[in-house]
Amino acid sequence: MFSLDRWREVFDTIRRNKLRTTLTCISVAWGIFVLVFLLGLGQGLNNGMRSNFARDATNGVWVNANKTSVPHAGFDVGRQIMFENRDYDRAKKIEGIDHIAGLHWIAGKRWGGLVTKRGAKSNNFEVNAVHSDAIFLAAHDIIQGRFLSAADITNKRKSVVVGRPVVGFLFGPKENPVGDWIVIGGVPFQIVGVFTDPGGQEQERQVYIPVSTAQLAFSGGDKLGMLEFTVGDAGPAETQAIIDDVVGQLAERHQFSATDKQAVRVHNNIEQFGRFQQLFWVISFFVVLIGLGTLAAGVVGVSNIMMIAVKERTKEIGVRKALGATPRSIIMMIIQEAVFLTGVSGLLGLAGGVGVLELMSGMNNDFIKNPSIDLKIGIAATLFLILAGALAGLFPARSAAKVNPIHSLRDQ
Amino acid sequence: MLRLVKVNKYYRVGTHSLHVLQDVDLEVSDGELVAVMGASGSGKSTLLNILGVLDDYDSGEYWLGDTKIKGLTESKAAYYRNRFIGFIFQSFNLLPFKTALENVALPLYYQGVTRRKRNLIAAQYLDRVGLRDWSDHLPSEMSGGQKQRVAIARALIGKPRMILADEPTGALDSETSAQIMDLLAEIHQSGITILVVTHDPEVAARTERTIRLRDGKVVGADEPRLSNPHLPVAVASEAETS
């Protein structure tokens, strides 16, 4: 099989039949190219999805206070629920929660409303009044200084952590923001850290202040609008149990029905993530299916072309047989040619696919990020190709071995 | 050298069976130059195929030297074709994408001779048929006579015991035909058995004897023509007695 002489014979045949060779190569190369491209795109989709979730902790749960929708304990529907610091303290003790933070709605409002100023410059940034563990629920990277600390909360310090665009807006390019003061809603705060976020501008145009300071400075009492916590590596079922515990406590304390879906709104990232993973799995399945289908079509194409080639070469094969070629040597000749053609053109397709993916690697939007293909998959595809090549060659080779020299050599 | 004893061959065409060779007895001695003549459908192609180990027969015996040729596996048949028989065809049957030299060397490829060695030997054989300067040419660049010379060199290179020529001059003009027959006669003189299938009486006249086929039967063999101008008398009688 690996005799140099036979390979030479195969190369000779390939080289002297350029059109046939080219057609065969194109169909296989295209098949592999599409497979690699689709697999890479699938990977890009996966990366894109993951990066969407990278904005927040994938094991995070957010419990927002809302209005009741079920009458309970003598209360009518439509009652606004509001959490308190005690709710935070109680939830903190629940087993399975590894980080927890409460969020105070400044002036009872859920979003915005406070102006951030420094000197003559002012703008409206999202102000989050939180506990120090809030950092574990966002995917922020601290690039300067630190995040809020537990001491900031207990001592009700006027500390603030700001996003990079906030710094960009309020400070000159050479100024060091950490240690400097800004005014939020008329109250001066000292910057202790700066963060960035892979989720982009929207996630970065924010400032964080201690929940205790906000409650004091903006007359918020001990109210909290939201509890957010992470659940370690708990699975979907365990997470649900923890959520039920937290909501149960809240329901008891604030007298709403534990089955009231509206009284508190729960956003469970684990569940969301699982759902997306399922969706992604379905997409991957189709991507692989389509890719393999295209590849199979390519292989059938090679088989077809080899079949035609064998027909076209009936005379040649007849001559070879008359000169003493054994059926085995004819079969090996055709299979080797098929393996070589599929192998080489497959590698070309692979290189093309990887090349295009490489060009697209800069691509970075909400859906597709860094499309790429695993080297292992590439190697597996190549091995599969060589196998497929042998298979593609087998049927034509068998029909070639059956060529009857008598009929092929007489011209009548 | 070659002996057929009551060989029968049938072709099944649908439900019918065609009796193409009927009790054919035939003997060719070592070193003979024999013509097989017959009209189309007389069974001469079938006979040639059986003699060339390209086809099997239904009953009787075929001896090639001391070897009985019957019911061989494909690989065994390929081996005998490669070692014992050289083919020359009407349409030359050279591989169009190989040069003259590579075409001549092909039988040695199937004998497992290394490329260098077989190209060296092929060059010698090309020289012998007068085409030394044409070794790098493709068949499409050569005349009919030249192509047939290449085919003859290819038939000879495996040092066969017997050359089977199927209408070797059928595609050539009369002048070239004569040259090719000269070449065959020359090869014959070196002691190789040659069997020529032809319907051309002029070609048959250049051989030592003619076997005639009609409707699948041998209808008569001419006596050896001692008057063959290319054949010394002594050689002919020697061939006959051996």
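Since this is a predicted model, take the numbers as computed values, not measurements.

**Remarks on the overall build of chain A**
- A tally of helices and strands in chain A yields 13 helices and 14 strands.
- Counting every position in chain A, which comprises 412 residues, the buried fraction comes to 42%.
- Taking all contacts inside chain A whose residues are at least 6 apart in sequence as the whole, residues at least 24 apart take part in 82%.

**With respect to the overall build of chain B**
- A tally of regular secondary structure across chain B gives eight helices and ten strands.
- Across the 242 residues of chain B, 46% fall into the buried class.
- Within chain B, contacts between residues separated by at least 24 positions form 68% of all contacts whose residues are at least 6 apart in sequence.

**Regarding unusual backbone geometry**
- Non-glycine residue valine 53 of chain B carries a positive phi angle of around 55 degrees.
- The exposure class assigned to valine 53 of chain B is buried, which follows from the 25 C-beta atoms found within 10 Å.

**Some remarks on the interface of chain B and chain A**
- With 22 residues of chain B in contact, the opposing surface of chain A contributes 22 residues.
- Elements that contribute at least two residues to the side of chain B that touches chain A include exactly helix 1 (44-51), helix 2 (74-84) and helix 3 (100-109) of chain B.
- Partitioned by chemical class, the residues of the side of chain B that touches chain A number eleven nonpolar, seven polar and four charged.

**Notes on the nonpolar core**
- Ile32 of chain A together with Val104 and Leu195 of chain B are the most contacted members of the largest nonpolar core, which has 113 residues in total.
- For isoleucine 32 of chain A, the residues in contact, after removing those within four places along its chain, are Leu295, Gly346, Gly349, Leu350, Gly353, Ala381 and Leu385 of chain A.
- In this structure, Ile153, Leu170, Phe195 and Phe256 of chain A belong to the second largest nonpolar core, which totals 58 residues.

**A word on the sheet that holds strand 4 (residues 59-64) of chain B**
All names here are of chain B.
- Within the open sheet, the four strands sit side by side as 2-1-4-5. Their pairing is antiparallel. What marks the edges here is a single partner per strand, and that holds for strand 2 (16-28) and strand 5 (67-68).
- With five bridges joining them, strand 1 (residues 2-13) and strand 4 adopt antiparallel strand pairing. Residue leucine 2 lies in a different strand from strand 4, and its bridge partner there is leucine 64.

**Examining helix 12 (residues 375-401) of chain A**
All names here are of chain A.
- Along its 27 residues, helix 12 runs 38 Å from first to last C-alpha, staying within 8% of the 39 Å computed at 1.5 Å per residue.
- A bend of about 30 degrees at leucine 394 is the largest found in helix 12, and the proline proline 396 appears one to four places after it.
- Those residues of helix 12 that sit buried are Ala381, Leu385, Ala388, Gly389, Ala392, Gly393, Pro396, Ala397, Ala400 and Ala401.

**A look at the environment of alanine 39 of chain B**
- Counting through the fold element by element, alanine 39 of chain B comes out in the loop between strand 3 (33-37) and helix 1.
- C-alpha of alanine 39 of chain B to C-alpha of aspartate 215 of chain B: the two residues are 176 residues apart in sequence and 8.7 Å apart in space.

**Digging into the confidence of the model for chain A**
- On average, residues of chain A carry a pLDDT of 84, and 95% of them reach 70 or more.
- Within chain A, helix 13 (residues 405-409) of chain A has the poorest average pLDDT of any element, 72, and strand 8 (residues 159-163) of chain A the best, 94.

**A look at the packing of helix 11 (residues 327-359) of chain A against helix 12 of chain A**
Residues and elements named next belong to chain A.
- Between helix 11 and helix 12, the shortest axis-to-axis distance is 7 Å and the interhelical angle comes to 150 degrees. Between helix 11 and helix 12, the crossing angle belongs to the class labelled roughly antiparallel. Considering only the axes of helix 11 and helix 12, their crossing is right-handed.
- Here the contact of helix 11 with helix 12 is built from residues that sort into 21 nonpolar, seven polar and two charged.

**Comments concerning the packing of helix 1 (residues 4-15) of chain A against helix 11 of chain A**
Residue and element names in this part refer to chain A.
- Put simply, helix 1 and helix 11 touch, their axes get as near as 10 Å, and they point 65 degrees apart. With respect to helix 11, the element helix 1 is oriented roughly perpendicular. Every pair of crossing elements has a handedness; the one defined by helix 1 and helix 11 is right-handed. Across the interface between the two elements, Arg6, Glu9, Val10, Thr13 and Ile14 of helix 1 pack against Met332, Met333, Gln336, Glu337 and Phe340 of helix 11.
- Partitioning the contact of helix 1 with helix 11 into residue classes produces five nonpolar, two polar and three charged.

**As for the environment of alanine 392 of chain A**
Residue and element names in this part refer to chain A.
- Inspection of the secondary structure assignment puts alanine 392 in helix 12.
- The spatial distance from the C-alpha of alanine 392 to the C-alpha of glycine 298 is 9.7 Å, given a sequence separation of 94 residues.
- Not counting chain neighbours up to four residues away, the residues in contact with alanine 392 comprise Val299, Val302, Ser303, Met306, Ala338 and Thr342.

**Remarks on the environment of leucine 131 of chain B**
Residue and element names in this part refer to chain B.
- Of note, leucine 131 is situated in the loop between helix 4 (115-128) and helix 5 (144-157).
- Taking the C-beta count within 10 Å as the criterion, leucine 131 has 22 such neighbours and is therefore assigned buried.
- Separated by 30 residues in sequence, leucine 131 and leucine 101 have C-alpha atoms that sit 9.6 Å apart.
- Discounting chain neighbours no more than four positions away, the residues touching leucine 131 are Ala100, Leu126, Gln146, Arg149 and Val150.

**Brief notes about the confidence of the model for chain B**
Residues and elements named next belong to chain B.
- Looking at chain B, the pLDDT average stands at 86 and 91% of residues meet or exceed 70.
- The element-level mean pLDDT for chain B is lowest in helix 8 (residues 233-241), coming to 43, with helix 5 highest at 94.
- Counted against residues more than four places away or in other chains, residues 231-242, with its pLDDT under 50, gives twelve contacts.
- Quick note on the complex model: pTM equals 0.63, ipTM equals 0.84.

What counts and how
Residues numbered from 1 in each chain as written. Chains lettered and ligands numbered in written order. Predicted model: local features only at pLDDT ≥ 70, side-chain atom pairs only at ≥ 80, totals over all residues. Helix = DSSP H or I, 4+ residues; strand = E, 2+ residues; numbered from the N terminus. Buried ≥ 20, exposed ≤ 12 C-beta atoms within 10 Å, placed from the backbone. Contact = placed C-beta atoms within 7 Å. Nonpolar A, V, L, I, M, F, W, Y, C, P; charged D, E, K, R; others polar. Core = buried A, V, L, I, M, F, W, Y, C linked by C-beta atoms within 7 Å. Pairing = 2+ DSSP bridges. Expected span 1.5 Å × (residues − 1). Bend = angle between axes of the 7 residues up to and from the residue. pLDDT = per-residue confidence, 0-100. Axes fitted to C-alpha atoms, helices over the stretch in contact; angles between N-to-C directions. Parallel < 35°, antiparallel > 145°, perpendicular 65-115°, else oblique. Left-handed = near helix turned anticlockwise from the far one by under 90°.

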